[in-house]
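# Chain and residue survey
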Amino acid sequence: MTDYLYRVVITSMPEGSTFDVELPDGEIVTELTPGWAPAGWKPEGNYVEMLGTTDFVWPTTRKTYKSRSAAKKRADLLRRYGAECVIQRSSRITWPEIEESEA
């Protein structure tokens, strides 16, 4: 078992893949550009069946990974599509001791 969890955080998106929108309260949020895809990208394999679209869909960054190598695979995929990202490691995970009444 690992003592840490890992996640991938996007730090920069490729030019043209996002745009900013100003909300009524003045807050600026970034949205994905509809129809954007990396140069030369096309759906392959069972992509359409899995995602239900022929449009490019960014791989999720909401997952946590039990190994750095698994997080690196996701980071490599995002980088291949033009995003810049970092892999972050959690603080050390510690589990509470099990008391006899819980065993």
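Our subject is the structure listed above.
Residues numbered from 1 in each chain as written. Predicted model: local features only at pLDDT ≥ 70, side-chain atom pairs only at ≥ 80, totals over all residues. Heavy atoms only, no water.

## Concerning the pattern of salt bridges
As a reminder of what qualifies: The salt bridge definition used is simple: a Lys or Arg side-chain nitrogen within 4 Å of an Asp or Glu carboxyl oxygen. Where helices and strands are cited, they refer to DSSP runs of H or I of at least four residues and of E of at least two residues respectively, numbered from the N terminus. Classification of residues uses two cut-offs on accessible area relative to the type maximum, computed with a 1.4 Å probe and protein chains only: under 20% is buried, over 50% is exposed, and between them is partly exposed.
The full count for this structure, using the stated rule, is 3 salt bridges. Residues R92 and D3 are paired through a salt bridge, measuring 2.8 Å at the closest nitrogen-oxygen approach. In this pair, R92 is assigned in the segment after β4 (84-89) and D3 in the segment before β1 (6-12), connecting sequence segments 89 residues apart. Of the residues examined, D3 reaches a relative accessible area of 29% and is grouped as partly exposed.

## A closer look at the environment of T54
Which entries qualify depends on this criterion: Any two residues whose heavy atoms approach within 4.5 Å at even a single point are treated as in contact.
Structurally, T54 can be placed in the loop between α1 (47-51) and α2 (68-80). When the C-alpha positions of T54 and W36 are compared, they lie 12 Å apart, and in sequence the two are 18 residues distant. Residues in contact with T54, not counting those within four places in the same chain, are W41, P43 and V48.

## As for the nonpolar core
Rules: For this analysis, a nonpolar core means a set of buried residues of the types Ala, Val, Leu, Ile, Met, Phe, Trp, Tyr and Cys, connected via side-chain atoms within 4.5 Å.
Counting 14 residues, the largest nonpolar core has V8, W58 and L78 as its most contacted members. The set of elements that each furnish at least two residues to this core consists of β1 and α2. With 4 residues, the single largest contributor to this core is α2. Beyond its immediate stretch of four places on either side in the chain, L78 contacts V8, I10, W58, P59, T61, A83 and C85.

## Details of the pairing of strand β3 (residues 28-32)
Applicable threshold: Only when DSSP finds a minimum of two bridges between them are two strands counted as paired.
The pairing of strand β2 (residues 18-22) with β3 spans 5 bridges and is classified as antiparallel. Bridge pairing in β3 places F19 opposite E31. Where β2 folds back onto β3 in an antiparallel hairpin, the turn is made up of 5 residues, including G26, whose phi is positive at roughly 95°.

## Overview of the environment of A70
With respect to the secondary-structure elements, A70 resides in helix α2. Sequence separation between A70 and Y6 is 64 residues, and the spatial gap between their C-alpha atoms is 8.6 Å.

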